[in-house]
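One-letter residues, chain by chain:
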Amino acid sequence: MGSRAPPSLPLVVLLLLLLPPQVDLINGSQQENDPRERRKGDGHQPLRRFKRRWVVTTLELEEEDSGPFPKLVGELFNNVSDDRSLVYLISGPGVDEYPEIGLFSIEDHENGRIYVHRPVDRERTPSFMVRFDVASRSTGRIMDNSLIFNIKIRDVNDHAPRFPAEEFNVSVGENHAAGQPVFQMSAVDLDEENTLNSQVLYFLVSQTPVLKESGFKVDRNSGDIRLSGCLDYETAPQFTLLVRARDCGDPPLSSTATVHIHVREGNNHRPSFTQKDYEIQVPEGRVSPEVLRLRVQDGDAPFTSAWRAEFSITRGDDEGHFDVVTDPETNEGIVSVIKALDYEAHPSWRLVIGVENKEPLFSCEGRGLVAASATVSVQVMDANDPPAFQPESFVVSEVEGARPGTQLGRFKATDPDSSGSGVRYRLVHDPARWVAVDEHSGVVVTRRPIDRESPYVNDSFYIVVAQAVDDGHPPQTGTGTLTLFLSDINDNAPTLHPRSQYLEVCESSRATPLLIEAEDSDLDPNADPFTFELDTTSGSAGGAWTLGESRGRSVELLMPKSLPRGDYSVPLFIGDRQGLSQKQTVHVRVCSCPGGSTCAAEASSAGLGLLLGVLAPLCAVFLALAVALFFVLRRGFVSGAKRRRHSVLHGEGQQTLITYNEESRALAALAVGSSAPAEAVTQVYPATAAPTQPPERRTGGMAETLHQRLRGLGTLVEESGSLPHIYREEGECERAETLSSLTVSEPTEPPDWLLPEA
């Protein structure tokens with residue numbers, strides 16, 4: 001029986017498997033090759049193999065445990081635990097390392113009982129990784145592998161859900177659709193995740209104000225706040241909601257937050273016209289701004305996009321004659337005529353004008369809303385319309401040089417206001433005065449020959465503009481244009497180009513040709529290539545000049561032999577392609593060229609004659625001016641000498657009076673019995689007798705003296721009855737042979753009558 005007994009090892013294994021789940025079995029094997037297991041000096045001791053097993057009960061703590069402390073957490077065993085020579089050791093976080101030192105300990109290191117010494121906060125440290133060791137009591141050597149064990153902290157519901165803020169402000173449009181989220185509430189629970197302690201549910205506690213048509217709901221799982229019903233800014237511009245967040249722990253914990261929902265003004269009121277039908281009158285033929293104002297009313301807040309009206313012409317203006325804009329201040333629609341109306345074509349209009357808001361209209365019920373509209377009846381008032389040309393412009397071709405009386409075309413204009421022919425024509429643009437228009441028929445005829453080469457012709461086109469005037473009150477005019485295209489004829493012979501009329505050549509440059517260029521005002525084929533031929537009949541060319549290579553519009557002029565310096569005239573005939581030619585003369589100057597190829601400056605006899613012809617009149621003018629100036633100065637000197645004969649009185653200072661001669665010779669007043677005075681002799685005094693005085697003082701004294709003497713002269717005439725002088729009319733004169741024969745008359749009064757009284 002004893003030999004059949006089962007071995008003890010399988011039985012131990014079976015018992016370990018039957019242990020409760022709170023007991024952990026930890027197998028371990030260790031190769032006894034640690035030098036600590038060898039005896040000192042015994043280097044050849046064979047290796048030994050030991051098997052040991054750690055048995056640890058589940059180590060789990062409840063957070064915020066109230067004690068008492070120290071409190072047993074659990075035990076650990078080793079299969080050599082009966083060996084009293086072993087001691088248990090514990091280390092790591094919670095024992096001798098951060099985050100919490102001294103939290104755990106083993107009782108007297110004699111057994112495997114583990115104790116905790118104070119409450120633990122799971123939210124701060126959810127677990128501790130503790131290391132267990134078994135060592136020899138006598139030597140302190142580690143006898144087995146270390147055991148790393150995770151001590152978990154069991155969560156309790158000690159944290160209520162928390163919102164990020166106690167109050168929230170939310171803005172939502174008035175046109176927010178029902179059932180759509182307005183705002184999402186979110187609360188955080190610090191308890192262990194994925195447990196009931198951290199699962200949060202949301203509830204709506206209250207709503208202010210409470211309206212039947214407007215309400216809010218809160219999704220208990222997501223925290224979404226959704227609209228139930230319709231918002232109306234005018235009824236309730238703001239709502240206040242109280243929302244609670246609650247966890248599912250035991251017992252459940254909760255917190256609340258306040259949500260302020262501000263309703264933004266939206267377009268939920270349709271604009272409408274205050275009047276449905278309008279009638280206006282508009283004059284024809286002109287643009288008319290602001291012919292009508294359309295007033296609308298809207299229940300939305302003023303000066304918002306929901307209140308701002310936008311008008312449109314929905315029917316009746318296919319040709320774009322009208323326009324409607326919004327007055328930004330009054331929100332009225334302004335109707336204007338932007339394209340002139342025609343009474344004869346369309347005497348009346350019927351416009352349908354619609355109005356909508358700038359912001360799209362929103363209907364909470366979801367029903368479609370039709371925009372409001374108004375009808376505008378427009379009556380066009382008849383006015384005198386200007387005559388209309390048919391066509392407004394036309395082109396006529398004619399050969400230049402057409403004789404007077406040639407009919408070019410006819411203007412045709414009609415008066416829209418009358419079926420009669422009460423239209424008169426007149427020319428308003430005919431710069432060359434070539435044509436005339438019949439006042440009644442509009443027929444245009446030439447009245448003088450037309451020249452295509454005229455400066456008034458541009459690229460063979462000549463423009464004639466006429467007006468048609470009706471017999472309305474006031475008369476109106478229309479404008480028509482006749483474009484005359486002139487065909488070219490060969491009426492212009494080629495001429496020398498201006499730069500080829502006068503040429504210069506060095507007397508030593510016999511082999512250098514001169515280039516003669518020609519031009520023709522006619523067009524092809526009446527122009528180039530030109531033919532050039534020297535005029536040998538006049539004898540001017542002699543044999544001194546010959547023509548070289550012709551190049552169509554130019555030809556070379558050669559000097560076969562050296563010619564003496566001077567001016568030469570070279571006559572030649574220049575003809576166009578059709579043979580029309582005329583005689584032209586090239587003036588060539590043969591000169592010396594000391595510098596090489598440039599003529600030296602030489603004064604020719606012709607140039608000298610021209611210079612003398614210009615200077616001679618100028619010299620004559622200057623000579624005449626010199627003679628006139630001489631006699632003026634001579635007269636002044638003579639008058640000054642006579643004044644110096646008399647003594648100078650000292651009143652305000654030294655005085656000077658300049659005596660001037662009369663405009664014409666004084667004649668004796670025979671009619672009153674007086675005889676002509678004798679000629680006065682002019683005496684010249686030395687210049688040293690004249691008093692010297694600053695010009696300013698002399699001028700002032702002279703003015704004062706003249707004033708006093710003229711006043712005294714009036715008194716003298718009244719008292720003494722002095723007879724006046726009689727003068728000839730201006731322009732009457734007596735012939736004088738020479739300037740020296742002219743005499744100067746002196747007054748009969750004494751020279752000192754103008755001097756101050758003593």
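Here the residue numbering is sequential within each chain, running from 1 through the sequence in written order. Totals for whole chains, interfaces and linings use every residue, but because this is a predicted model, local features are given only for residues with pLDDT of at least 70 and side-chain atom pairs only at 80 or more, for both listing and counting. Think of the side-chain values as coming from all heavy atoms in the structure, minus any hydrogens and water.

A word on the overall build of the protein
By definition, any uninterrupted DSSP run of H or I lasting at least four residues is a helix, any uninterrupted run of E lasting at least two residues is a strand, and each is numbered from the N terminus. Counting its secondary structure elements, the protein contains three helices and 44 strands. The buried label applies to any residue whose accessible area, calculated with a 1.4 Å probe on protein chains only, is under 20% of its type's maximum; exposed applies above 50%, and partly exposed to all values in between. Of all 758 residues assigned to the protein, the portion counted as buried reaches 33%. In the protein, the share of contacts with a sequence separation of at least 24, taken over all contacts with a separation of at least 6, comes to 66%. Accessible surface, the protein: about 46000 Å² in total, of which carbon and sulfur atoms supply 53%. Residue contacts follow a heavy-atom distance rule, with two residues in contact if any of their heavy atoms lie within 4.5 Å. Per-residue accessibility takes into account occlusion by the displayed protein chains alone, with areas from the Shrake-Rupley method and a 1.4 Å probe.

What about the sheet that holds strand β38 (residues 531-534)?
Strands were regarded as paired on the criterion that DSSP finds at least two bridges between them. Here we have four strands laid out as an open sheet, ordered β36-β42-β41-β38, and mixed in their pairing. With partners counted over all chains shown, the strands left at the sheet margins are β36 (502-506) and β38, one partner each. Averaged over all pairs of adjacent strands, the angle between strand axes in this sheet comes to 35°, irrespective of strand direction. Alignment of β36 against strand β42 (residues 581-591), held across five bridges, turns out to be parallel. All axes here are fitted lines through C-alpha atoms, helices being fitted over the stretch that makes contact, and every angle between N-to-C directions spans 0 to 180 degrees.

Some thoughts on the pattern of salt bridges
The rule for a salt bridge is simple: a side-chain nitrogen of Lys or Arg has to be within 4 Å of a carboxyl oxygen of Asp or Glu. Throughout the structure, instances matching the rule amount to twelve salt bridges. Between E290 and R293 there is a salt bridge, and its shortest N-O distance comes to 2.8 Å. Classification of R293 by relative accessible area gives partly exposed; the value is 31%. A salt bridge links R293 to D327; its shortest N-O distance comes to 3.0 Å. Within this pair, whereas R293 is found in strand β19 (residues 288-294), its partner D327 is found in the loop between β22 (322-326) and β23 (333-337), the two being separated by 34 residues in sequence. Here the residues in one salt-bridge network are E290, R293, D327 and E332, joined through shared partners.

With respect to unusual backbone geometry
With an omega of 20°, the peptide bond running from Y98 to P99 counts as cis. Relative to the elements of secondary structure, P99 occurs in the loop between β5 (86-91) and β6 (104-106). That bond from Q390 to P391 is cis: its omega, 0°, falls within 30 degrees of zero. If you trace the backbone, P391 turns up in the loop between β26 (388-389) and β27 (393-399). Despite not being glycine, F303 has its phi angle at roughly 60°, a positive value. For F303, the position within the fold is in the loop between β20 (296-297) and β21 (309-315). Judged by relative accessible area, which is 53%, F303 ranks as exposed. For R433, which is not glycine, the phi torsion reads 55° and is therefore positive. Here R433 shows up in the loop between β30 (424-429) and β31 (435-437).

What about the state of the cysteines?
In a disulfide, the sulfur atoms of two cysteines are held together by a covalent bond. Throughout, disulfides are identified as pairs of cysteine sulfur atoms within 2.5 Å of each other. Per the counting criterion, the structure on display carries one disulfide. Paired through a disulfide, C506 and C593 show a sulfur-sulfur distance of 1.7 Å. On the sign convention where negative is left-handed, the bridge of C506 and C593, at about -95° about the S-S bond, is left-handed. With C506 in strand β36 and C593 in the loop between β42 and α2 (605-643), this pair connects stretches of sequence that are 87 residues apart. Each member of the pair, C506 together with C593, is buried.

Section: the packing of aromatic side chains
Any pair of Phe, Tyr and Trp rings, taking the six-membered ring for Trp, is counted once the centres come within 6.5 Å. Such a pair is stacked with planes under 30 degrees apart, edge-to-face with planes over 60 apart, and tilted for the rest. Under the definition given, this model contains 13 aromatic pairs. The interplanar angle of 45° and the centroid separation of 4.9 Å between the aromatic rings of F303 and W307 together place this pair among those described as tilted. Centre to centre, the rings of F394 and F411 are 5.4 Å apart; their planes meet at 70°, and the pair counts as edge-to-face. Linking F394 in strand β27 with F411 in the loop between β28 (407-410) and β29 (413-414), this pair joins segments that are 17 residues apart in sequence.

Things to note about the side chain of D535
Along the chain, D535 falls in the loop between β38 and β39 (546-550). We call two N or O atoms a polar contact when they sit within 3.5 Å, provided that within protein one can donate a hydrogen and the other can accept it, with sequence-adjacent residues counted only if both atoms are side-chain atoms. A distance of 2.8 Å separates a polar atom in the side chain of D535 from a polar atom in the side chain of K583.

Things to note about the sheet that holds β28
Judged by pairing direction, the sheet is antiparallel, and its three strands sit side by side in the order β28-β32-β31 without closing on themselves. The open sheet has two edge strands, β28 and β31, and neither has a second partner. With direction set aside, neighbouring strand axes in the sheet form an average angle of 20°. The sheet contact formed by β28 and strand β32 (residues 443-446) spans three bridges and is antiparallel.

What about the environment of V428?
Checked against the element boundaries, V428 lands in strand β30. Using a relative accessible area of 43% as the deciding quantity, one classes V428 as partly exposed. For V428 and V465, which are 37 residues apart along the polypeptide, the C-alpha to C-alpha distance reads 5.7 Å. The contacts of V428, once residues within four sequence positions are left out, are V465, A466 and Q467.

Focus: a nonpolar patch on the surface
A patch is a set of surface residues, each over 30% in relative accessible area and not in a salt bridge, joined within 9 Å for like charges and within 5 Å for the nonpolar side chains Val, Leu, Ile, Met, Phe, Trp and Tyr. On the surface, a cluster of nonpolar side chains totalling about 500 Å² of accessible area is made up of L615, L618, V621, F622 and L625. Mapped onto the secondary structure, L618 falls in helix α2.

As for the pairing of β39
Both β39 and strand β40 (residues 554-558) contribute to a ladder of three bridges, which runs antiparallel. The residue of β40 that forms the bridge with S550 is V555.

Details of a negative patch on the surface
In this charge count, Lys and Arg are treated as positive and Asp and Glu as negative; neither His nor the chain ends contribute. Charge positions are represented by NZ for Lys, CZ for Arg, CG for Asp and CD for Glu. Together, D342, E344, D382 and D417 make up a region of like negative charge exposed at the surface. Relative to the elements of secondary structure, E344 occurs in the loop between β23 and β24 (348-357).

Topic: the environment of S509
Looking at the element boundaries, S509 is found in the loop between β36 and β37 (514-519). With relative accessibility at 18%, the residue S509 sits in the buried group. Separated by 83 residues in sequence, S509 and S592 place their C-alpha atoms 9.7 Å apart.

Observations regarding the environment of D491
In this fold, D491 is placed in the loop between β34 (477-487) and β35 (495-496). When residues no more than four places from it in sequence are discounted, the contact partners of D491 are E400, D451, E453, D522 and L580.

Considerations on the confidence of the model for the protein
Predicted confidence across the protein gives a mean pLDDT of 75, with 71% of residues reaching 70 or more. Confidence scores labelled pLDDT are given residue by residue by the predictor and lie between 0 and 100. When the criterion is pLDDT under 50, residues 713-723 qualifies, and its contacts beyond four places in sequence or with other chains add up to six contacts.

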